[in-house]
Amino acid sequence: HVPRWSDVSTVSGAELPAADVISFGSPCQDLSIAGKRAGLDGERSGLFHEAIRIIKEMRDATDAAFPRIAIWENVVGAMSSNGGADFGVVLDSLADVGALVIEWAVLDARWFGVPQRRRRVFVVAVFDPAIAGRCGDQIFSVGPRSGWNPPTRAASRPRPASTIEGRVGTRSEE
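Because the structure is predicted, anything quoted here is derived from the model rather than measured.

Scoring rules and cut-offs
- Numbers given for residues are sequential positions, taken from 1 along each chain in its written order.
- Per-residue local features of the predicted model are confined to residues with pLDDT of at least 70, and side-chain atom pairs are confined, for both listing and counting, to 80 or more; whole-chain, interface and lining totals are unaffected and use all residues.
- Excluded from the side-chain calculations are hydrogens and water; all other atoms, namely the structure's heavy atoms, are used.
- Numbering of helices and strands runs from the N terminus; a helix is a DSSP stretch of H or I covering at least four residues, while a strand is a stretch of E covering at least two.
- A simple rule labels every residue: compare its accessible area, found with a 1.4 Å probe on the protein chains alone, to the largest value its type can have, and call it buried under 20%, exposed over 50%, or partly exposed in between.
- Any pair of N or O atoms that falls within 3.5 Å is considered a polar contact. Within protein, one atom must be able to donate a hydrogen and the other to accept it, and sequence-neighbouring residues count only if both atoms are side-chain atoms.
- We call two strands paired when DSSP finds no fewer than two bridges between them.
- Under this scheme, a helix contributes an axis fitted over its contacting stretch, all axes are lines through C-alpha atoms, and angles between N-to-C directions fall in the 0 to 180 degree range.

> Provide a residue-level description of the side chain of D128, including the pertinent values.
Relative to the assigned elements, D128 resides in the loop between strand 4 (119–126) and helix 3 (129–133). Judged by its relative accessible area of 14%, D128 falls in the buried class. Polar contacts involving the side chain of D128 include one to the main-chain amide nitrogen of A130, which spans 2.7 Å. Reaching out from D128, the side chain makes a polar contact with the backbone nitrogen of I131 at a distance of 3.1 Å.

In structure tokens form, the structure reads like this:
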């Protein structure tokens, strides 16, 4: 009984159930340093604008009561795409639809116990005045100096050859 939509470009924010939080991540291919760097004007990453449209429609339909918070996630290349102008568009777009507090941080999966480096930029936009007034100094208190930090890759990983030998032996032992 959970509603599903197959195409974000056909979703109307005014027709969605009011949501406290809208969390989204537009496709990263056009923003990634591994891609062609078409930026937010690219066919895939341009879907960011659809999410902003949905947020605006929901805010208009609910007299600016919902959503209270929006969270956007993407690759770190989003911050440097088009010389940083695309990231400016992200921040400006959220402000234009009523965000009172906007904060961003680059978080790395390895800071949360995942054994790989996977850096992502997260942007949190707060629309609700009561929540914005309670935000304090920092929304993102997580970073490389807080919480658990694993050792660097070189220090945390044994050499592959010794790992293989130690677990399965050598061919000459068979």
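Read on for the rest.
> Explain the sheet that holds strand 4 to me, and be specific about the residues and the numbers.
The pairing of strands in a sheet happens through backbone hydrogen bonds and is either parallel or antiparallel. Reading across the sheet, the 4 strands line up as 1-2-4-3 and stay open at both edges, with mixed pairing between neighbours. Of all the strands in the sheet, the pair left with one neighbour each is strand 1 (21–24) and strand 3 (101–108). Between one strand and the next, the sheet's axes are offset by a mean angle of 15 degrees, whatever the strand orientation. Sheet topology note: the strand 1/strand 2 (residues 69–75) ladder contains 4 bridges and is parallel.

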